[in-house]
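Below, each chain spelled out in residue letters.
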Amino acid sequence: MNIPYSEPYKIKMVEQIHKSSAKERQKWLKEANYNLFKLRSKQVFIDLLTDSGTGAMSDKQWAAIMEGDESYAGSDSFFRLKEMVRSLTGFEYFLPTHQGRAAENVLFSALIKEGDIIPGNAHFDTTKGHIEFRKAEALDCTVREAFDPDIINDFKGNLDLQKLENALKDNYKKVPFIIVTITCNTTGGQPVSIENMKAVHKLAKKYSTKVIFDSARFAENAYFIKTREEAWKDKSIKEIVREMYKYADGMTMSSKKDGLVNIGGFMAFNDKDIYEKASVFNIMFEGFLTYGGMAGRDMNALAQGLDEASEFTYLESRIKQVAYLGERLSSYGIPLLKPYGGHAIFVNATEFLPHIPREEFPAQSLAIELYLEAGIRGVELGAIMADRDPVSRKNRFPELELVRLAIPRRTYSQNHMDVVAAALKNIYERRDKIRRGVKIVKEAPILRHFTVDLERL
Ligand SMILES: *Cc1c(COP(=O)(O)O)cnc(C)c1O
């Protein structure tokens with residue numbers, strides 16, 4: 001018998017989670033106006049809302065926390081983190097921020113002006129928000145296959161080079177940089193290949209623009225390169241990471257994902273000029289250059305986390321746990337986005353609940369059902385998250401209407417995955433009885449999904 005994969009760690013500390021009754025959940029969700037972001041965490045049994053900042057730290061990270069240097073300027077923790085980032089990515093210039101979107105805010109303040117175009121692969125929601133907030137355009141250049149949930153393709157995060165070149169040809173003066181999101185969360189945690197990174201970088205140079213990697217899940221992306229891109233199968237994850245960043249001029253990163261910490265972020269670059277421009281905004285928005293919104297102890301924990309996240313044995317157990325959930329759900333016939341992503345399983349809500357029209361938000365409706373069924377919290381990635389068009393103010397209906405089940409790192413067991421699979425199976429079996437969705441009663445002008453109030457129809 002083959003020895004199966006398993007977690008390369010054991011448990012040292014546990015945290016109680018709370019079961020609830022169906023009646024309690026009905027009441028709580030109504031009080032939350034059917035917005036799962038408004039639930040209290042104690043009202044949730046298995047929380048798959050996000051993999052952001054929800055992972056478990058290691059004993060070595062906790063030890064590093066005790067050694068944090070809290071000096072305002074020149075802290076040792078800053079240099080420890082800067083050195084880790086340099087050794088992983090090769091970037092010489094580094095600025096810490098309090099989280100990923102803060103890095104976007106700082107960098108985009110330095111680089112984007114009104115009327116600019118930022119091509120990329122299905123920009124992350126806060127990235128798009130920060131671009132549109134500056135009256136610039138986030139132009140999607142993801143490969144076509146990414147929007148067909150049934151096409152199995154190894155690198156559905158890739159950019160469509162023709163689409164990208166067309167955009168650059170016509171407007172290259174308005175493109176301060178191209179943003180490549182690794183892995184591409186918005187299309188299902190799908191990776192970008194080294195080959196594609198190389199080609200994007202080449203196009204950027206041809207049209208005298210830059211490439212920035214939005215790097216929240218850089219290590220998961222590297223795992224997929226190792227396991228799917230022939231030329232890289234014998235390289236270590238760290239070697240692959242180093243190779244990836246050869247094709248970028250800079251990066252932003254939310255450390256709350258592959259950084260294996262609960263809060264934090266940073267930017268890094270080759271270019272001194274960008275660094276100097278960004279430094280001004282970093283001091284204004286985040287803090288002095290050697291802490292930028294992070295405590296010294298947090299920078300220490302992040303340095304250690306980046307090292308652990310870029311190890312193959314960890315990544316293998318992580319990504320195989322996600323695939324395990326995907327396999328269970330598939331075996332029940334539940335329609336999923338394929339191939340399975342690195343950090344999450346994405347349920348295709350329009351296929352799961354075909355009676356609910358797009359205007360009644362089928363993905364949100366399914367997320368509501370899942371919470372009511374078993375206290376499991378997923379998140380809508382559909383028309384509510386897509387916001388209104390900034391000009392016409394009409395609802396935007398993205399090609400895919402998904403419920404994302406994001407798996408926190410090193411947090412839940414295989415038994416938890418079985419509970420999630422069983423709950424979705426129950427809903428799937430009674431799906432014909434679910435015929436109405438929700439309507440919006442109150443919403444914010446941008447990033448509305450976080451605070452929207454809904455009513456069940
Ligand atoms: C999480 C994330 C961000 C934003 O980072 P925060 O730490 O949540 O502010 C940006 N881009 C991607 C791809 C992300 O996953």
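Cut-offs used in this document
Residue numbering note: each chain is counted from 1, following its sequence as written. Only residues with pLDDT of at least 70 get local features here, since the model is predicted, and only at 80 or more are side-chain atom pairs given and counted; chain-wide, interface and lining totals rely on the full set of residues. Calculation of side-chain values draws on the structure's entire complement of heavy atoms; hydrogens and water are dropped beforehand. Nearness here has a simple test: a residue counts as near a molecule or strand if at least one of its heavy atoms is within 4 Å of that partner. Under the rule applied, a polar contact is a pair of N or O atoms within 3.5 Å (in protein, one hydrogen donor and one hydrogen acceptor; residues adjacent in sequence only if both atoms are side-chain atoms). We get accessible surface area from the Shrake-Rupley algorithm with a probe of 1.4 Å; when it comes to residues, only the shown protein chains can shield them. Each helix is a run of H or I in the DSSP string that is no shorter than four residues. Each strand is a run of E no shorter than two, and both are numbered from the N terminus. Partly exposed describes any residue whose relative accessible area lies between the buried limit of under 20% and the exposed limit of over 50%, with all areas from a 1.4 Å probe on protein chains only and scaled to the type maximum. Residues count as neighbours in contact if any of their non-hydrogen atoms are within 4.5 Å of one another. At least two DSSP bridges between two strands are needed for those strands to be called paired. Angular values range over 0 to 180 degrees, each being the angle between N-to-C directions of two axes fitted as lines to C-alpha atoms, with helices fitted over their stretch in contact. Any angle between 65 and 115 degrees counts as roughly perpendicular, while under 35 counts as roughly parallel, over 145 as roughly antiparallel, and the rest as oblique. Crossing chirality is assigned from the near helix's rotation relative to the far helix, an anticlockwise turn below a right angle marking it left-handed and a clockwise turn marking it right-handed. Polarity classes work like this: nonpolar for Ala, Val, Leu, Ile, Met, Phe, Trp, Tyr, Cys and Pro, charged for Asp, Glu, Lys and Arg, and polar for all others, with Gly in that last group. Here the bounds of each domain stem from an automatic or database domain assignment. A 1.4 Å probe defines the accessible area here, and the buried area is the portion of it lost by two parts on being joined, summed over both. Whenever Lys or Arg places a side-chain nitrogen within 4 Å of a carboxyl oxygen from Asp or Glu, that contact is recorded as a salt bridge. We place a 1 Å grid over just the protein atoms. Points where a 1.4 Å probe fits but has no way out form a cavity, open points with protein on both sides within 12 Å along at least 5 of 7 lines form a pocket, and any residue with an atom within 4 Å of a point lines it. Grid points are joined across faces, edges and corners, and a volume is the space filled by probe spheres set on the points.

Draft legend 1. Summary view of the site of the ligand. Taken together, 14 residues are adjacent to the ligand, and Gln-99, Arg-101, Asp-214, Ser-254 and Lys-257 come closest. Between the ligand and Arg-217 there is a distance of 2.9 Å, counted from an oxygen atom to a side-chain nitrogen or oxygen. Ser-254 is positioned with one of its side-chain polar atoms (N or O) 2.7 Å from an oxygen atom of the ligand. For the ligand, whose free accessible area comes to 380 Å², the fraction covered by protein is 98%. Listed by contribution, the elements that provide at least two residues to the shell around the ligand are helix 4 (100-111) and helix 5 (125-133). Here the shell around the ligand gets 3 residues from one element, more than from any other, and that element is helix 4.

Draft legend 2. Representation of the side chain of Asn-185 within the structure. Mapped onto the elements of the fold, Asn-185 is located in the loop between strand 5 (177-181) and helix 7 (194-206). You can call Asn-185 buried: its relative accessible area is 4%. When near neighbours in sequence (up to four residues on either side) are disregarded, Asn-185 contacts Phe-124, Arg-217, His-343, Phe-346, Leu-381 and Arg-404.

Draft legend 3. Quick look at the sheet that holds strand 11 (residues 379-381). Within the open sheet, the 3 strands sit side by side as 9-12-11. Their pairing is antiparallel. Each of the sheet's edge strands pairs with one partner strand only, and the pair in question is strand 9 (344-348) and strand 11. Averaged over all adjacent pairs, the angle separating strand axes in this sheet is 35 degrees, with direction ignored. The sheet contact formed by strand 11 and strand 12 (residues 402-406) spans 3 bridges and is antiparallel. If you follow Val-379 over to strand 12, its bridge partner there is Arg-404. Helix 12 (residues 312-331) contacts strand 9 and strand 12 of the sheet and is inclined by roughly 25 degrees relative to strand 9.

Draft legend 4. The arrangement of the packing of helix 2 (residues 59-66) against helix 11 (residues 296-309) in detail. Between helix 2 and helix 11, whose axes approach to 7 Å, the crossing angle comes to 155 degrees. It follows from the interaxial angle that helix 2 and helix 11 lie roughly antiparallel. Every pair of crossing elements has a handedness; the one defined by helix 2 and helix 11 is right-handed. Residues Lys-60, Gln-61, Ala-64 and Ile-65 of helix 2 form the contact with helix 11, whose participating residues are Arg-297, Asn-300, Ala-301, Gln-304, Gly-305 and Glu-308. Taken together, the residues of the contact of helix 2 with helix 11 sort by class into 3 nonpolar, 4 polar and 3 charged.

Draft legend 5. Up close: the pairing of strand 9. Most of strand 9 sits out of view: 5 of its 5 residues are buried. Burial of strand 9 is two-sided: the residues Ala-344, Phe-346 and Asn-348 facing one way and the residues Ile-345 and Val-347 facing the other way are all buried.

Draft legend 6. Summary view of the domain arrangement of the protein. Annotation of the protein at the domain level lists domain 1 (22-51 + 312-456) and domain 2 (59-309). Between domain 1 and domain 2, the C-alpha centre-to-centre distance is 26 Å. Between domain 1 and domain 2, the contact holds 31 residues from the first and 36 residues from the second. Taken over both partners, the interface formed by domain 1 and domain 2 buries close to 2700 Å², and the fraction arising from carbon and sulfur atoms is 58%. Seen at the junction of domain 1 and domain 2, the total is 7 salt bridges. Across the pair Arg-409 and Asp-258 runs a salt bridge, and its minimum N-O distance is 3.1 Å. Inspection of the domain 1/domain 2 interface yields 15 residue pairs in polar contact (both at pLDDT 80 or more). Among the elements of the structure, helix 12 and strand 9 are those that each provide at least two residues to the side of domain 1 that touches domain 2. Among the residues making up the side of domain 1 that touches domain 2, the classes are represented as 16 nonpolar, 5 polar and 10 charged.

Draft legend 7. Layout of the layout of surface pockets. Size it by volume and the largest pocket reaches roughly 1700 Å³. Together, 44 residues line the largest pocket, and Met-13, Gly-55, Ala-56, Arg-410 and Thr-411 are the ones closest to its centre. Contributing elements (two or more residues each) for the lining of the largest pocket: helix 2, helix 11 and helix 12. Considering every element that reaches the lining of the largest pocket, the biggest residue donor is helix 12, with 5 residues. Split into classes, the residues belonging to the lining of the largest pocket amount to 15 nonpolar, 15 polar and 14 charged. A domain-level breakdown of the lining of the largest pocket finds at least three residues from each of domain 1 (22-51 + 312-456) and domain 2 (59-309).

Draft legend 8. Summary view of empty space enclosed by the protein. Tallied over the entire structure, the rule returns 3 cavities of 30 Å³ or more. Taken as a whole, the largest cavity encloses approximately 70 Å³ of empty space. Taken together, Asn-35, Leu-36, Phe-37, Gln-364, Gly-378, Val-379, Glu-380, Ile-384, His-449 and Val-452 make up the lining of the largest cavity. Of the residues in the lining of the largest cavity, the class split is 5 nonpolar, 4 polar and 1 charged. Volume-wise, the second largest cavity comes out at about 40 Å³. In terms of lining residues, the second largest cavity is bounded by Val-85, Leu-88, Thr-89, Phe-218, Tyr-245, Met-251, Met-253, Phe-266 and Leu-306.

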